[in-house]
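Listed below are the residues making up each chain.
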Amino acid sequence: MLSALLPTGTAILGLVAGLLAPMISSLLDGRKRRGEHQRVQCDEILTLFQGVDVVRSLTEPSSIVRRSLLLRAARIQDGRARQACNDLVEYAVGANWQEAELLSRWSVMIHEVARVYRSTT
């Protein structure tokens, strides 16, 4: 009797494994794609700040860098990195910004975004 149940059990187990394999594979691929998307967003944020005067350009009334930073930050899933970007922008649009504090917030933002960039590799 056991010899008759063994092939049937193996067949059912194989059927279940065959049905679950695509779902598991798609879950793993989705996670990889999300990580790659986060890496691209972080890379684009880091690329915004390659120039010397880019940090000061955040304080201009119609700053393209500031708008780009806000759009990219909204797509980052990591809360600390997103908040660091938003804090930098909030401080830069304020009337009483100080260059030392602006650079300090910029440094925190770069550190947090770089952390997310490194963690998605």
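Refer to the preceding data block for the structure.
Residues numbered from 1 in each chain as written. Predicted model: local features only at pLDDT ≥ 70, side-chain atom pairs only at ≥ 80, totals over all residues. Heavy atoms only, no water.

K.L.:
Outline the packing of helix α3 (residues 64-74) against helix α4 (residues 79-93), supporting the account with residue identities and numerical values.
P.N.:
Axis separation between α3 and α4 bottoms out at 9 Å; the angle between their running directions is 155 degrees. The orientation of α3 relative to α4 falls into the category roughly antiparallel. As for how α3 packs across α4, the hand of that crossing is left-handed. Note on element contacts: α4 touches α3 through R82, C85, N86, L88, V89 and V93, opposite R66, L69, L70, A73 and A74. Classifying every residue of the contact of α3 with α4 gives eight nonpolar, one polar and two charged. (Axes fitted to C-alpha atoms, helices over the stretch in contact; angles between N-to-C directions. Helix = DSSP H or I, 4+ residues; strand = E, 2+ residues; numbered from the N terminus. Parallel < 35°, antiparallel > 145°, perpendicular 65-115°, else oblique. Left-handed = near helix turned anticlockwise from the far one by under 90°. Contact = heavy atoms within 4.5 Å. Nonpolar A, V, L, I, M, F, W, Y, C, P; charged D, E, K, R; others polar.)

K.L.:
Talk me through α4; I want residue IDs and the actual numbers.
P.N.:
Taking 1.5 Å of rise per residue, 15 residues should cover 21 Å, and α4 covers 21 Å from first to last C-alpha, within 8% of that figure. For α4, every residue scored as buried is listed here: A81, A84, C85, L88, V89, Y91 and A92. Buried residues of α4, seen end-on, are gathered within an arc of 165 degrees and therefore sit on one face of the element. Counted as exposed and oriented over 90 degrees from the buried face of α4: R80, E90 and V93. One side-chain oxygen of the residue at the start of α4 lies 3.3 Å from the amide nitrogen of R80, identifying that residue as D78. (Expected span 1.5 Å × (residues − 1). Buried < 20%, exposed > 50% of the residue type's maximum accessible area, 1.4 Å probe, protein only. Arc of directions from axis to C-beta. Polar contact = N/O pair within 3.5 Å; in protein donor to acceptor, adjacent residues only side chain to side chain.)

K.L.:
Residue-level account of a nonpolar patch on the surface, with values.
P.N.:
Taken together, the side chains of I12, V16, L20, M23, I24 and L28 make up a nonpolar region of the molecular surface, amounting to roughly 560 Å² of accessible area. Mapped onto the elements of the fold, M23 is located in helix α1 (residues 2-48). (Patch = residues over 30% accessible without salt bridge, like charges linked within 9 Å, V, L, I, M, F, W, Y side chains within 5 Å. Areas by Shrake-Rupley, 256 points an atom, 1.4 Å probe, with all protein chains shown as cover. Salt bridge = Lys/Arg side-chain N within 4 Å of Asp/Glu carboxyl O.)

K.L.:
For the packing of α4 against helix α5 (residues 99-119), give the residues involved together with the corresponding values.
P.N.:
The N-to-C vectors of α4 and α5 enclose an angle of 160 degrees; their axes lie 8 Å apart at closest approach. Considered as vectors, α4 and α5 are oriented roughly antiparallel to each other. For the pair α4 and α5, the sense of crossing is left-handed. Two secondary-structure elements touch here, α4 through R80, A81, A84, C85, D87, L88, Y91 and A92 and α5 through E101, L102, R105, W106, V108, M109, E112, V113, R115 and V116. Residues belonging to the contact of α4 with α5 are distributed by class as follows: 12 nonpolar, no polar and six charged.

K.L.:
Which residues make up the packing of aromatic side chains, and what values do they have?
P.N.:
Enumeration according to the criterion identifies one aromatic pair in this entry. Residues F49 and W106 carry aromatic rings whose centres are separated by 6.4 Å and whose planes lie at 65 degrees to one another, so their mutual orientation is edge-to-face. Of the two residues, F49 sits in the loop between α1 and α2 (54-57) while W106 sits in helix α5, which places them 57 residues apart along the sequence. Geometry around Y117 places R39 over its ring, the cationic atom sitting 4.1 Å from the centre. (Phe/Tyr/Trp six-rings, centres within 6.5 Å; stacked < 30°, edge-to-face > 60°. Lys NZ or Arg CZ within 6 Å of the ring centre and 35° of its normal.)

Purely geometric stuff here, so don't read any function into it on its own.
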